[in-house]
Amino acid sequence: MPLLGSDKGMVSDVWLAGGACRSGGQNGLSYRYNGHVLFAVLTLDEHLLTALAGSLPLQRATEQAYERLFRLLDEQGYPYLWRVWNYLADINVEEGGLERYRQFNVGRQLAYEKCGRAVGGYASAACALGTAAGPLTVAVMAGKTAPVLLENPRQVRACDYPSVYGPRSPVFSRAALAKLPGQELLFISGTASIVGHRTMHVGDVAAQTRETLANIAAVLQEANRVAPGLPFTLSQLSYRTYIRHAADLDAVRAEVQRQVGGAQVQYVQADVCRSDLLVEIEAMASRTAEQQDAAGVGVA
Ligand code: 3EB
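Residues numbered from 1 in each chain as written. Predicted model: local features only at pLDDT ≥ 70, side-chain atom pairs only at ≥ 80, totals over all residues. Heavy atoms only, no water.

Tyr-101, Arg-108, Tyr-161, Arg-174 and Cys-273 are the nearest of the 14 residues found near the ligand. With respect to the ligand, the side chain of Tyr-101 contributes an N or O atom lying 2.5 Å from an oxygen atom. In the model, an oxygen atom of the ligand is placed 2.9 Å from a nitrogen or oxygen of the Arg-174 side chain. For the ligand, whose free accessible area comes to 360 Å², the fraction covered by protein is 99%. Secondary-structure elements contributing two or more residues to the shell around the ligand are α2 (100–114) and β8 (125–131). For the shell around the ligand, a count of residues per class yields nine nonpolar, two polar and three charged. (Near = heavy atom within 4 Å. Polar contact = N/O pair within 3.5 Å; in protein donor to acceptor, adjacent residues only side chain to side chain. Areas by Shrake-Rupley, 256 points an atom, 1.4 Å probe, with all protein chains shown as cover. Helix = DSSP H or I, 4+ residues; strand = E, 2+ residues; numbered from the N terminus. Nonpolar A, V, L, I, M, F, W, Y, C, P; charged D, E, K, R; others polar.)

A word on unusual backbone geometry. Phi at Asn-27 is positive, roughly 60°, even though this residue is not glycine. Taking relative accessible area as the criterion, Asn-27 reaches 65% and is therefore assigned exposed. (Buried < 20%, exposed > 50% of the residue type's maximum accessible area, 1.4 Å probe, protein only.)

Turning to its location among the elements, Glu-211 is positioned in helix α3 (residues 205–226). Glu-211 gets classed as buried once you look at its relative accessible area, which sits at 13%. Sequence separation of Glu-211 and Ala-192 is 19 residues, and the distance between their C-alpha atoms is 7.4 Å. Residues contacting Glu-211, with those up to four places away along its chain left out, are Arg-154, Ser-193, Val-195, Met-200 and His-201. (Contact = heavy atoms within 4.5 Å.)

Before going further, it helps to examine the environment of Gln-264. Along the chain, Gln-264 turns up in strand β16 (residues 264–269). Residues Gln-264 and Glu-99, spaced 165 residues apart in sequence, show a C-alpha to C-alpha distance of 33 Å. Apart from residues no more than four positions distant in its own chain, Gln-264 is found in contact with Leu-237, Ser-238 and Tyr-239.

The subject of this paragraph is the pairing of strand β11 (residues 175–180). Extensive coverage of β11 is indicated by the burial of five of its six residues. Of the pairings in the sheet, the one linking strand β10 (residues 148–150) to β11 comprises three bridges and is antiparallel in character. When the bridges of β11 are listed, Leu-150 appears paired with Ala-175. Note that β11 and strand β12 (residues 183–191) share six bridges and pair antiparallel. Bridge assignment links Lys-179 to a residue of β12, and that residue is Glu-184. Counting the residues in the hairpin turn of β11 and β12 gives two residues, including Gly-182, whose phi is positive at 75°. (Pairing = 2+ DSSP bridges.)

Two faces make up the sheet, and in a regular strand the side chains alternate between them. Direction of pairing for strand β3 (residues 29–33) relative to strand β4 (residues 37–44): antiparallel, over a ladder of five bridges. Among the inter-strand pairings, Arg-32 is bridged to a residue of β4, identified as Phe-39. Hairpin connection between β3 and β4: a loop of three residues separates the two successive antiparallel strands, and Gly-35 in this loop has a positive phi of roughly 95°. For β4 and strand β9 (residues 136–143), the ladder comprises eight bridges, and the chain directions are antiparallel. The residue bridging Ala-40 from the neighbouring strand is Val-140, located in β9.

Structural data, given as structure tokens:
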């Protein structure tokens, strides 16, 4: 997805892991793991699937992608999904009578069910964004321990969205707090201008950005309530902001900077999963045992 703003060009996420890492993969799937955490990326081109009467190719591609990932996690012994990044082309385009994001949701939920993962129970932090082109791409971080899953008191749980948003609800939680030796990782899911289950401030990108940040603040408050310790603060997270219309960059950035100060923020152009959403923001933070000790905050 195109980067916006001063760091036009390329950026990469680089995850550094302690200890020896091993790798594997084939056929559009690659992964790496170190005994605590596994990171995998799978790409699947829906156009390469053989045609099946009455089936929607993206829906089937999503179902297959998730089944393959779940099998990998089970085989390698990293059963707990912590964070999932979903990217698909033409996310708001209707095909075969169903918007592609909604097809994606059907496929994802079917795979959860097929693989014995309860839809209303455990769901990782996630995001789902639209690219201009390219195959379905799903990246996951998974571990050997269950993360603490967080919801947002201002929002309906995604798995409880009413069917006006599609025949099958999305499967994700608003945030996940995962524990590694000496470190906790907080993943805040893609967050948008939704209160309850409704899109707020249709057509007003600045107001949508403010509502989104209010949602992130509410999730952060939940994290601090549920997992006491050195508190997470808005200015200490690192953010990625997905903006539907590149021309909205200045308006979005002004709101974000007002709230998060000097925090690290990336801006990219992407389509958001509801056609009335103009912006979506995700965030991450780490807190180490050393930071907590230095601050005199004891953690069990
Ligand atoms: C929302 O709150 C906005 O389908 O995995 C955010 C995070 C959103 C994850 C997903 C969708 C997803 O419903 C969209």
